[in-house]
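Notes for the structure review
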Amino acid sequence: MSRNRMGAHVELMNNLLCEWHFGERHELRLDGATPAEAYACIEPGLRAEDPWIQRAIALREVPGRLLRSVGLSGNALPSSPFGFHSFTPLGKVQNREVAFGLAGQFWQLDYGLRAIPDAAAFAAMTDQPRLVLNVCVEPINEQRCRLVTHTRVHCPTEAQRRRFAPYWYAIRPVSGLIRQRLLQRIAHLSQASSP
């Protein structure tokens with residue numbers, strides 16, 4: 001089983017995207033919930049609505065709304081607001097890791113997303129920038145674990161890397177706060193479900 005330098009299991013993520021150009025990692029220690037309880041709360045935690053995250057996404061979409069309002073761009077916004085539903089489930093390692101993916105020209109106002117039906121299609125999409133987001137549970141003991149999320153982005157061409165880099169560094173602080181809020185939500189659900 002693969003481990004990154006901090007010890008969190010990333011077997012699935014390494015299989016999905018073993019090479020990347022941009023990445024971030026966040027973790028949260030969780031007391032009072034078993035690793036199995038934490039794992040069971042990953043997807044419900046990611047799906048739960050968070051007004052702060054919704055406001056951050058709405059702020060990111062302001063330029064597209066302005067362009068659309070003055071008639072300069074009909075495709076400046078996605079057909080529906082960006083959210084967890086925009087990600088494709090790519091796989092699970094029971095009680096350990098869940099991974100989701102995106103592909104497309106993320107720096108575009110409408111995110112430039114490409115449809116990904118499944119993990120095989122994600123792996124085959126080698127001409128597009130691809131992103132993997134995972135959440136893993138790292139056991140500490142029976143009633144303690146660490147929740148860890150990794151985000152990796154691979155851009156297959158130098159031109160795509162140059163286009164993506166400014167966008168990545170602009171959104172990274174807010175993206176990091178979003179990841180922390182996701183971990184906190186999963187932790188809260190885990191502790192609430194623990195007997």
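To keep things clear, this report deals only with the structure shown in the data block. (Residues numbered from 1 in each chain as written. Predicted model: local features only at pLDDT ≥ 70, side-chain atom pairs only at ≥ 80, totals over all residues. Heavy atoms only, no water.)

To find leftover empty space, a probe the size of one water molecule is rolled over the atoms. The volume enclosed by the largest pocket comes to roughly 990 Å³. The wall of the largest pocket is formed by 44 residues, among which Ile-53, Ile-57, Phe-82, Tyr-111 and Ile-178 lie closest to the centre. At eleven residues, the largest contribution of residues to the lining of the largest pocket is made by helix α7 (residues 158-193). Across the lining of the largest pocket, the residue classes break down as 28 nonpolar, six polar and ten charged. (1 Å grid on protein atoms, 1.4 Å probe; cavity = no way out; pocket = protein on both sides within 12 Å on 5 of 7 lines; lining within 4 Å. Points joined across faces, edges and corners; volume = space filled by probe spheres on them. Helix = DSSP H or I, 4+ residues; strand = E, 2+ residues; numbered from the N terminus. Nonpolar A, V, L, I, M, F, W, Y, C, P; charged D, E, K, R; others polar.)

The next thing to look at is the sheet that holds strand β4 (residues 130-141). Pairing in this open sheet of five strands is antiparallel, and the strands run β1-β5-β4-β3-β2 from one edge to the other. Of all the strands in the sheet, just β1 (22-31) and β2 (88-93) have a single pairing partner and so form its edges. Sheet twist, expressed as the mean angle between neighbouring strand axes with direction ignored, is 15 degrees. When β4 meets strand β5 (residues 144-154), the two strands line up antiparallel, connected through eleven bridges. When the bridges of β5 are listed, Leu-133 appears paired with Thr-151. Along the sheet, α7 makes contact with β1, β4 and β5, crossing β1 at roughly 15 degrees. (Pairing = 2+ DSSP bridges. Axes fitted to C-alpha atoms, helices over the stretch in contact; angles between N-to-C directions. Contact = heavy atoms within 4.5 Å.)

Keep in mind these values describe shape, not function.
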